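One letter stands for each residue in the lines below.
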Amino acid sequence: MARLAVPAPVTDALPKTYDPVGTEARWQQAWETSGAFHPDPSAPGEPFSVVIPPPNVTGSLHMGHAFNTALIDTIVRFQRLQGKNVLCLPGTDHASIAVQTILEKQLKAEGKRKEDLGREAFLEKALEWKAQSGGTIVGQLRRLGYSVDWRRERFTLDAGCSAAVIEAFNRLHEQGLIYRGEYLVNWCPASGSAVSDLEVEMKEVDGQLWHFRYPLTAGAAADGRTHLEVATTRPETLLGDTAVAVNPKDPRYAALVGQTLTLPLVGREIPIVADDHVDAEFGTGCVKVTPAHDPNDFAIGQRHNLPLITVMAKDGSMNEAAGRFQGLDRFEARKAVVAAMEEGGFLVKVEDYRHSVPFSDRGKVPVEPLLSTQWFVKTEPLAARCREALENADPRFVPERWSKVYRDWLTDIRDWCISRQLWWGHRIPAWFVVSETGGQITDTTPYVVARDEAEARAKAEAQFGGGTHAHPLVLEQDPDALDTWFSSGLWPFSTLGWPDADAADLARWYPTSVLVTGFDIIFFWVARMTMMAGAFTGQMPFQDVYIHGLVRDENNRKMSKSAGNGIDPLLLIDRYGADALRFALVREVAGAGQDIRLDYDRKSDTSATVEASRNFANKLWNVTRFALMNLAGETPASLGEPDPAALQLADRWILSRLARVNRETAERYGSYGLGEASKGLYEFAWNEVCDWYVELIKRRLNPGENPSPEAVADQRTARQVLAKVLNALFVMLHPLMPHLSEELWHGLTGEPETTFLALQPWPELDVAALDDSLEASFSELIEAIRVVRNLRAVAGLKPSQSVPVRFVSGRGELAAVLTAATADITALTRAERVEVLDPAAAEANPATKALAGVSGELQVLLPIEGLVDLEALRARLEKDIAKAEKEIKGLAGRLANPNFADKAPPEVVAECKANLADAEAQAELARRRLADLG
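Parameters and conventions
Residues numbered from 1 in each chain as written. Predicted model: local features only at pLDDT ≥ 70, side-chain atom pairs only at ≥ 80, totals over all residues. Heavy atoms only, no water. Buried < 20%, exposed > 50% of the residue type's maximum accessible area, 1.4 Å probe, protein only. Helix = DSSP H or I, 4+ residues; strand = E, 2+ residues; numbered from the N terminus. Pairing = 2+ DSSP bridges. Axes fitted to C-alpha atoms, helices over the stretch in contact; angles between N-to-C directions. Contact = heavy atoms within 4.5 Å. Phe/Tyr/Trp six-rings, centres within 6.5 Å; stacked < 30°, edge-to-face > 60°. Lys NZ or Arg CZ within 6 Å of the ring centre and 35° of its normal. Salt bridge = Lys/Arg side-chain N within 4 Å of Asp/Glu carboxyl O. Core = buried A, V, L, I, M, F, W, Y, C linked by side-chain atoms within 4.5 Å.

(A) Spotlight on helix H17 (residues 578-587). Counting buried positions over the 10 residues of H17 gives 9, a clear majority of the element. Considered for burial, the residues of H17 that qualify are Ala578, Asp579, Ala580, Leu581, Arg582, Phe583, Ala584, Leu585 and Val586.

(B) Seen up close, the environment of glutamate 342. Position of glutamate 342 among the secondary structure elements: in helix H8 (residues 330-343). Separated by 130 residues in sequence, glutamate 342 and phenylalanine 212 place their C-alpha atoms 8.9 Å apart.

(C) Just the sheet that holds strand E28 (residues 850-855), in detail. Overall, mixed pairing links the 4 strands, which are arranged E27-E26-E29-E28 in an open sheet. Pairing within the sheet leaves two strands with one partner each, and these edge strands are strand E27 (831-837) and E28. Going across the sheet, the axis of each strand differs from the next one's by a mean of 20 degrees, ignoring polarity. Bridging between strand E26 (residues 803-808) and E27 involves 5 bridges; their strand directions are parallel. Bridge pairing links phenylalanine 807 to valine 836 in E27. Along the sheet, helix H24 (residues 772-795) makes contact with E26, E28 and strand E29 (858-863), crossing E28 at roughly 150 degrees. Contacts from helix H25 (residues 812-820) reach E26, E27 and E29, with the element oriented near 160 degrees to E27.

(D) Local environment of the packing of aromatic side chains. If you walk through the whole model with that rule in mind, you get 29 aromatic pairs. Ring geometry for phenylalanine 169 and phenylalanine 486: centres 6.3 Å apart, planes at 55 degrees, overall tilted. With phenylalanine 169 in helix H6 (residues 159-174) and phenylalanine 486 in helix H12 (residues 484-488), this residue pair connects regions lying 317 residues apart in the sequence. Between the aromatic rings of tyrosine 183 and phenylalanine 376, the centroid separation amounts to 5.1 Å while the plane-to-plane angle is 75 degrees, which identifies the pairing as edge-to-face. In this pair, tyrosine 183 is assigned in strand E5 (residues 178-188) and phenylalanine 376 in strand E14 (residues 368-377), connecting sequence segments 193 residues apart. An aromatic cluster of at least three residues, connected via ring pairs, comprises Phe169, Trp375, Trp416, Phe432, Tyr447 and Phe486. The positively charged end of arginine 77 is found above the aromatic ring belonging to tryptophan 31, 4.4 Å away from the centroid. The ring of tryptophan 423 carries the charged tip of lysine 114 above its face, separated from the ring centre by 5.1 Å.

(E) Layout of the pattern of salt bridges. Taken as a whole and judged by the stated rule, the model has 53 salt bridges. Across the salt bridge formed by arginine 77 and aspartate 73, the nearest N and O atoms sit 2.6 Å from each other. Of the two residues, arginine 77 and aspartate 73 are both situated in helix H2 (residues 63-81); the distance of 4 residues between them amounts to about one turn of the helix. Accessibility expressed as a relative area gives 1% for arginine 77, which makes it buried. Of the charged contacts, one joins aspartate 408 and lysine 404 as a salt bridge, the two residues approaching to 2.8 Å between their closest N and O atoms. Highlighted residues: aspartate 408 and lysine 404, both in helix H10 (residues 402-411), separated by 4 residues, approximately one helical turn. When its relative accessible area of 51% is taken as the criterion, lysine 404 is described as exposed. It is possible to trace a salt-bridge network through shared partners that takes in Glu167, Arg171, Glu174, Arg451, Glu455 and Lys459.

(F) Structural view of the nonpolar core. Ranked by internal contacts, the top residues of the largest apolar core, which has 136 residues, are Met63, Tyr546 and Phe807. Per element, the largest residue contribution to this core is 14 residues, and it comes from helix H21 (residues 674-701). In this structure, phenylalanine 807 is in contact with Ala784, Val788, Leu818, Ile825, Val834, Glu835, Val836, Leu837, Leu858, Gln859 and Val860, ignoring residues within four places of it in sequence. Judged by nonpolar contacts, the second largest core, of 57 residues, contains Trp509, Val526, Met531 and Phe536.

(G) Structural detail: unusual backbone geometry. Going from valine 398 to proline 399, the amide bond is cis rather than trans, its omega being 0 degrees. Mapping proline 399 onto the fold places it in the loop between strand E15 (396-398) and H10. Geometrically, the link from tyrosine 510 to proline 511 is a cis peptide bond, its omega value of 0 degrees lying close to zero. Within the secondary structure, proline 511 sits in the loop between helix H14 (504-509) and strand E22 (512-518). One non-glycine residue with positive phi stands out, namely aspartate 605, at about 55 degrees. Note that aspartate 605 resides in the loop between strand E25 (596-597) and helix H18 (608-630).

Here is the structure:
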């Protein structure tokens with residue numbers, strides 16, 4: 001039969017050394033230039049879509065972004081290989097308060113304020129920052145190999161997203177779900193704005209707890225008491241107290257409920273009220289109530305119809321309601337109030353007190369709960385729709401336990417303050433009719449909500465008339481901006497063309513397939529997206545929510561900029577390559593939702609974990625070069641499928657393993673078992689393909705000069721199987737290591753660079769190749785070879801020395817595999833000859849002076865008489881026994897010591913026990929080998 005014509009050898013397709021930086025840059029450019037990841041909504045294939053969590057344009061990416069990117073890209077690349085029509089849409093978030101804080105700090109350093117520039121000039125400066133910072137972030141995402149559609153890149157302040165925000169605000173207002181009112185909000189005095197819960201960080205601080213006497217107004221009570229004692233960590237707020245609350249079931253104060261106290265320093269009479277919120281067991285059981293300065297007090301105030309007295313201005317200073325303390329900074333006022341209370345005889349005691357204080361994440365100062373007129377969204381109607389959908393697992397959380405966290409937050413929900421006193425962001429689409437309030441915006445100025453100023457004027461004229469020449473109708477747009485989370489809540493559908501119901505992308509890819517995000521923003525972002533989506537599309541915005549953990553540092557601490565323990569992913573990419581970093585991060589995932597730990601040497605900017613992944617990349621590179629040197633210029637396509645009748649034992653084993661890994665990996669990728677997928681592929685590629693199959697077929701690939709026709713045919717079979725295995729392996733590894741696999745696949749297949757592995761089909765599953773029994777027996781064969789090699793090392797045999805090998809097993813199936821693999825065993829163990837005996841035959845013909853080993857039900861004998869210096873071997877074994885016994889004595893002594901066994905950390909004790917068991921096993925093994933020598 002004539003041989004197929006083959007192309008020129010492709011050995012030179014891969015350089016000797018793998019250059020990750022150059023390789024990755026080349027493929028990133030090729031993918032993007034060709035539009036490989038720019039899908040057509042009209043193309044065939046089941047739709048699969050992801051809109052990536054948009055990074056804030058506040059600087060550069062951190063390791064958490066790299067982790068999230070690696071997970072998302074692994075998922076979407078796998079779905080492309082499954083033949084789906086995949087859209088992965090990128091974008092960035094304008095991060096209103098964060099960016100404005102950065103810019104105001106820059107202006108302050110120049111001795112300026114944003115008011116000196118004016119709104120328009122300030123916004124131009126913000127856009128310049130976005131261009132710079134956003135460009136940096138996009139460049140970093142490209143370095144990571146993100147297979148997103150850059151042609152569809154979005155920004156939360158671009159024209160399309162801005163139009164969606166305006167439409168959403170107007171629709172919610174028309175439905176009565178957006179309103180303006182005065183409520184308690186988190187106020188940041190440093191940035192001069194309300195802030196969301198996400199911008200609030202709870203910090204443990206060492207403070208003080210002041211105990212004060214509040215005298216009863218009518219004098220002594222029936223039981224002789226003249227006052228009640230309250231405690232507070234914020235004495236300056238007592239100036240705004242409007243009640244003292246006790247628990248209604250507390251018998252100590254039952255007779256006092258309804259009476260009044262005289263507020264010290266102020267002289268105001270305040271009632272004693274009974275409220276279930278008060279913990280009778282905490283402190284004195286009496287709580288001062290300041291409704292305008294504490295969220296819990298605000299709720300008590302609403303239940304008891306208490307007045308709201310604000311004693312603090314928005315810059316953090318005391319206002320006119322604070323009386324003689326007006327003008328003092330809040331912390332100066334704290335000292336002054338305490339001093340005045342002490343002088344008046346109202347101070348009981350002061351205690352050191354460690355407690356949690358809410359800090360503004362951006363302003364870096366404690367936030368103040370303050371009454372403020374703001375815009376709010378009524379969240380309960382929106383949350384109810386989400387809770388109802390969740391009953392049908394819509395969306396489905398992975399892992400499922402996070403659905404309870406999501407449900408609980410939707411159940412205990414407050415109205416959402418959506419206005420921010422900022423310039424950078426979506427300006428609220430409301431216009432105040434300032435001509436009705438003397439040209440000023442006040443809390444009572446009437447307003448209209450509209451989609452643009454022309455519509456606003458038409459609405460205002462319809463409501464208030466057109467004005468007169470002397471008193472024209474004057475409108476002024478609300479100067480405030482919307483909370484960033486309002487626009488990012490629309491992200492899954494605003495990026496696809498909503499509110500245009502006919503948008504092709506929206507029709508094809510919405511709802512999206514999966515959201516991949518950290519557990520720390522379930523409340524702030526995930527729930528906002530589901531509430532918004534339910535309101536505007538009638539559907540949940542994604543089918544699945546895959547929750548991942550955080551990246552922790554080498555000391556198992558959460559990485560953060562404030563802690564100064566973050567790791568710049570680009571440092572590791574420059575050293576090891578993006579694929580190595582991605583693979584390392586995903587491989588560290590022990591289970592969905594679990595945190596991962598990344599080791600890192602800060603002195604050398606190195607990571608042993610990422611280096612191990614780079615070594616894996618080198619292993620794959622080298623095995624591919626080995627294949628190219630042995631395939632005689634042929635490719636998987638030109639070689640074709642191997643003849644099943646021509647397969648040898650090793651071929652059938654590796655093809656069975658390939659089929660099993662194919663099935664397992666597809667299942668793991670598809671069910672978000674990404675860490676398990678990476679570990680399984682690593683073991684298959686390194687241990688089974690590189691360490692065993694390649695070693696087993698080397699003699700078949702090089703049959704020598706003037707080989708027999710049978711050897712030539714066997715050589716071709718080995719080539720076919722090797723090419724098939726590597727071809728499939730590169731496809732399966734592609735989602736995890738996209739650049740490397742693309743490069744190796746092209747080297748193996750000889751395909752032109754315009755044909756991408758990224759767009760190939762997933763390898764067809766060869767169910768017929770699966771052979772459970774063969775895989776089990778072959779694993780035993782591998783262990784048998786390991787035992788032989790170990791015994792050779794114990795005997796101190798030189799690599800050139802050959803020695804007989806004897807296997808003894810009563811299992812016919814195992815004996816048959818060993819017999820069939822005699823040639824392989826001989827080649828891999830340098831055996832003089834290989835004998836496979838049953839126990840009876842071995843007993844009838846015993847081996848003398850042999851080292852023995854055991855692997856399961858198999859005994860391995862290595863006759864060494866005449867080949868080694870037995871006396872020297874005995875001496876070495878005796879030395880090993882003495883060393884092990886010394887270690888056993890020391891470890892046993894530590895465990896017998898109560899000071900160690902009872903007081904040492906459990907993991908240290910467990911490690912000591914494991915080391916003792918290992919030392920005892922080593923000693924017993926050496927004794928057996930010594931006994932075998934006689």
